[in-house]
Protein chains: 2
Amino acid sequence: MRHALLASLILAALPSFAAAQAFDSAALADAAKLRTQADSDSGAYGLVESLTTEVGPRMAGSPAFDRAVEWAQGKFKSLGYDRVYLEPVTYPVWRRGHERAEVLGPFPQRLIITALGGSVGTGGKPLDAEVVEFATLDALKAAPDGSLKGKIAYISNRMERFKDGHGYGPAVAARGGGANEASKKGAVAVVIRSIGTDSDRMPHTGMMRYAEGVAKIPAAALSNPDADLLSNMIRRGKPVKIRLDIDAGLDGQKSTYNVIGEIRGRELPDEVVVIGGHLDSWDLGTGAIDDGAGVAITMAAGALIGKLDRAPRRTIRVIAFANEEQGLFGGRAYAQAHAAQVDAHQVGAESDFGAGRIYAFSAGVDPAARATVDEIAKQLQPLGIEYRVDKGGAGPDIGPMAKLGMPWAQLAQDGTDYFDYHHTANDTLDKIEPKAMDQQAAAYAVFAYLSAESAADFGRSPNGEGQE
Amino acid sequence: MRHALLASLILAALPSFAAAQAFDSAALADAAKLRTQADSDSGAYGLVESLTTEVGPRMAGSPAFDRAVEWAQGKFKSLGYDRVYLEPVTYPVWRRGHERAEVLGPFPQRLIITALGGSVGTGGKPLDAEVVEFATLDALKAAPDGSLKGKIAYISNRMERFKDGHGYGPAVAARGGGANEASKKGAVAVVIRSIGTDSDRMPHTGMMRYAEGVAKIPAAALSNPDADLLSNMIRRGKPVKIRLDIDAGLDGQKSTYNVIGEIRGRELPDEVVVIGGHLDSWDLGTGAIDDGAGVAITMAAGALIGKLDRAPRRTIRVIAFANEEQGLFGGRAYAQAHAAQVDAHQVGAESDFGAGRIYAFSAGVDPAARATVDEIAKQLQPLGIEYRVDKGGAGPDIGPMAKLGMPWAQLAQDGTDYFDYHHTANDTLDKIEPKAMDQQAAAYAVFAYLSAESAADFGRSPNGEGQE
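Residues numbered from 1 in each chain as written. Chains lettered and ligands numbered in written order. Predicted model: local features only at pLDDT ≥ 70, side-chain atom pairs only at ≥ 80, totals over all residues.

Asks: Would you mind showing me how to read the interface of chain B and chain A here?
Replies: Where the parts come together, the accessible area they lose is often given as the size of the interface. The interface is formed by 24 residues belonging to chain B together with 24 residues belonging to chain A. Contributions of two or more residues to the side of chain B that touches chain A are made by α4 (44-54) and α8 (224-234) of chain B. Considering every element that reaches the side of chain B that touches chain A, the biggest residue donor is α8 of chain B, with five residues. Among the residues making up the side of chain B that touches chain A, the classes are represented as nine nonpolar, nine polar and six charged. (Contact = placed C-beta atoms within 7 Å. Helix = DSSP H or I, 4+ residues; strand = E, 2+ residues; numbered from the N terminus. Nonpolar A, V, L, I, M, F, W, Y, C, P; charged D, E, K, R; others polar.)

Here it is as structure tokens:
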């Protein structure tokens, strides 16, 4: 990280002929204006306050998500976007009913759980069984076949905290695949330690998936303190029996929408710079950091660009994606609908990692456009953003387009606290610092504006979806 | 605070003739031994781990509280206490059933609430009404009579954070008296912002009381993020209607017990030094900091004194009080049963302010015993404990005895974070630092031992229940 910082400092200090060619003085002046305006008052915090207060939780498939679509259309319009439209996104609806758990013995007390997204319920009645603990998903995989017959598997791995959130990947495997592995061994249910870095008595939901041909068993997450409690009980050596009572399951299909707002480009209106976040949230919190913040940041950034005296050369397209949480349905629908227009996409970037300040910028573009990206990085530096050459990757919902070759950029947010709140009831407005929203909106405005204004075509991403 | 610290440093530096007379060298050696042993491994953390794991939540009147009584008896015995016995405590039983709330309009979404202890329910069906916000209890009192007819009063005052917790008193008035004041104005229910310093989506329960002759209306607390949300909705100017659905209420009387363990004094066995905490907890968390910690600290301290080669002159009496939370029932029952033996009580001290390190010591004793207390303070200094002359007050459960004249001491804990977790689901073991438990057990052991060993009689407290 130190070397990358040094490199970008040298870049900033030396006169760059390539950079001088990348943007004219009017463009650089507008970028500076956007940066200053947004960093002072971008309006982004007001947008996430509005979405969380007036809509609140908006799980894909719920009536609240329909209200969120109306909200996004209304906001794009009132913010002066030139064009506001919907694109359909269809997906299966998952429904959460009640969810209760308790230890029956030897130490009876309540446990706080939440069903994982996609899980089936316990069949309309409580499910009582002994719990067998595994330290990791791999330990569960190594259990003898049939050894969990009639039992509940409990995977207790704990997620580690990092600024870039890289503790998530290793830990979340237990959430996605725990039910399948447990079911293969004969288990009647799986519970996992929440995939989160907090120590609050609030479980983290998130998606799990059933593999073909494996019996579907209920899957739920314990809060971290409840996981500690269960492990402490099991460590005492007597069989621990728990009761799960979960009502959840799939409930048909639904068509909703990606909501799109555009600031029309002045010279190449059919070429687009895509920025956005996802409009859906989980149902437990109000979806403030995941991903009301991302929608608000990019919506505010686009609006500021729209208020410039001179629009950029290309169109700014802000997308509030539908149903990211349950399988990138919005991002995949967008890529499917726009697969033939990959070359009309200058670049895409998504904000979906909370509301912490942006500390690093990287991009995957055609090497011929590198000098332009270097200059964009330079224009982001006053916001405290480091340039990371050849790092990062595309965000989740722009991933499907990036796979088709769309250039991508990453504006990396400080995610140190992100997994304290992610997918819990604690994902609420108070977790967001208003000034951090301005810094992020400033970064998106500068990045999107300069990318849209650039004389250079960003071509195609050299590496498909980019490195991670 | 600086002056007090300076005074205690001077005290420590100067040879004190009074102190030299207070304890012989064998007593001071035993005090030092207790301090070192306890601060290294007191066993207190293991006790609170055991109580929270093997019993968990233990609300007064619940079957779990009966298990807690068995647990405490068992622990006193296995820790080698000389005498373990029960004293009866009778109280009305309050029962919590389901509790749900939601905003019906204009922005429908769920609200997270919990019923306040003692509250009635909504009568077996949901209660729908418009909410009227008041910034404080006083603002509610100032509302015109009848102005809340058919409405729900919402008191939104926020508790402030301080090391000594003095933000609690001003804020908690809304919890205790909000229902009465709202009812007098015609309201059908009251909701309050949780009395807590956190910003977690977990409401804080706690006791409320109905006044004679005032219609009983349901009373509940919103989590701090939910209170923000409701205030933000109301600020938009349209009537906000919510639904409360609460099942709660009184359910007969129950007799349970204060659980008492004694280390018998070698010369004056009928004179006692009382230390303790309360065995009951609220039902939402596992009662780790409130007050498993206090029970564990004082139980461990007594056990260490019991392991000395020479018992102190007086008896150490450790009390695990019943039903502190719903009205100091255990403390009041103790005072009633022992009112005739006030003079047999050398001093009493209670641990009921979480599990943060002890930073200050003060005592209310007969002025003739002051030199002895000064010496005890000196023996606490190596634990980082400041001496505060003429400050502090008796803890809740020893308050009724202190009112009758029993001398008291306060070992003040750092409560900076206490009200983040107090009375919430988040009151769990992970909030406790094991080494802080050792420091506290060391302080209680030194204090209790020297008080019991003292040649001086602490007489009667000069000021009844002491200053606050």
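Still to come is the rest of the account.
Asks: Is there a simple way to explain the pairing of strand β11 (residues 345-350) of chain B in this structure?
Replies: Looking along a regular strand, one sees side chains alternate from face to face of the sheet. Residue and element names in this part refer to chain B. Taken across its six residues, β11 has six buried, putting it largely inside the fold. As defined by bridge partners, strand β9 (residues 268-278) adjoins β11 across five bridges and the pair is classed as parallel. Counted as the bridge partner of Ile 275 is Ala 349 from β11. (Buried ≥ 20, exposed ≤ 12 C-beta atoms within 10 Å, placed from the backbone. Pairing = 2+ DSSP bridges.)

Asks: Could you clarify how one ought to interpret the packing of helix α4 (residues 44-54) of chain A against helix α9 (residues 288-306) of chain A in this entry?
Replies: If you want to describe how two helices pack, look at the angle between their axes and the distance between the axes. All names here are of chain A. At a closest axis distance of 8 Å, the pairing of α4 and α9 adopts a crossing angle of 135°. Relative to α9, α4 is oriented oblique. Like other packed secondary-structure pairs, α4 and α9 cross with a definite hand, here right-handed. Within the contact between the two elements, α4 uses Ala 44, Leu 47, Val 48, Leu 51 and Thr 52 and α9 uses Ala 288, Gly 292, Ala 293, Val 295, Ala 296, Ile 297, Met 299 and Ala 300. Among the residues making up the contact of α4 with α9, the classes are represented as eleven nonpolar, two polar and no charged. (Axes fitted to C-alpha atoms, helices over the stretch in contact; angles between N-to-C directions. Parallel < 35°, antiparallel > 145°, perpendicular 65-115°, else oblique. Left-handed = near helix turned anticlockwise from the far one by under 90°.)

Asks: Please explain the environment of Ser 223 of chain A as it appears in this structure.
Replies: Residue and element names in this part refer to chain A. Looking at where Ser 223 falls in the secondary structure, it is placed in the loop between β7 (219-222) and α8 (224-235). What makes Ser 223 buried here is the crowd of 27 C-beta atoms within 10 Å. The sequence separation of Ser 223 and Asp 291 amounts to 68 residues, and the corresponding C-alpha distance is 21 Å. What Ser 223 contacts, discounting residues up to four positions off in sequence, is Ile 112, Ser 194, Asp 200, Arg 201, Met 202 and Pro 203.

Asks: Just to check I follow, could you spell out the domain arrangement of chain A for this structure?
Replies: Residue and element names in this part refer to chain A. Here chain A is described as being made up of domain 1 (2-82 + 264-453) and domain 2 (98-250). Counting from both sides, the interface comprises 18 residues of domain 1 and, opposite them, 18 residues of domain 2. Top element by residues in the side of domain 1 that touches domain 2 is helix α13 (residues 418-421). It accounts for three residues. Along the lines of polarity and charge, the residues of the side of domain 1 that touches domain 2 split into seven nonpolar, eight polar and three charged. (Domains from an automatic or database assignment.)

Asks: Even after reading the chapter, I still don't get the relation of the copies chain B and chain A, so can you show me in this structure?
Replies: Put simply, the second copy of the chain is the first one after a rotation about an axis and a shift along it. Superposing chain B onto chain A takes a rotation of 180° plus a shift of 0.0 Å along the axis, which leaves an RMSD of 0.0 Å. With respect to symmetry, the two chain copies, as superposed, fit the operation of a two-fold axis. Interface overlap between copies: 100% of the residues of chain B at the interface are likewise at the interface in chain A, consistent with a symmetric, same-surface contact. (Least-squares fit on C-alpha atoms with pLDDT ≥ 70 in both.)

Asks: I'm lost on the environment of Gly 306 of chain A in this one. Help?
Replies: All names here are of chain A. Checked against the element boundaries, Gly 306 lands in helix α9. For the pair Gly 306 and Pro 396, spaced 90 residues apart in sequence, the C-alpha to C-alpha distance is 26 Å. If we skip the residues at most four places from it in the chain, Gly 306 touches Gly 80, Tyr 81 and Ile 263.

Asks: Just to check I follow, could you spell out helix α3 (residues 25-41) of chain A for this structure?
Replies: An α-helical turn contains 3.6 residues, so a residue and the one three or four places further along point in the same direction. All names here are of chain A. Between its first and last C-alpha, α3 extends 24 Å over 17 residues, near the 24 Å set by a 1.5 Å rise per residue. Where α3 is concerned, the buried positions are Ala 27, Asp 30, Ala 31, Leu 34, Arg 35 and Ala 38. Viewed end-on, α3 has its buried residues packed into an arc of 140°, placing them on one side of the element. Opposite the buried face of α3, at more than 90 degrees from it, the exposed residues are Ser 25, Ala 26, Ala 29, Thr 36 and Ser 40. Backbone geometry just after α3 places Gly 43 at a positive phi near 85°. (Expected span 1.5 Å × (residues − 1). Arc of directions from axis to C-beta.)

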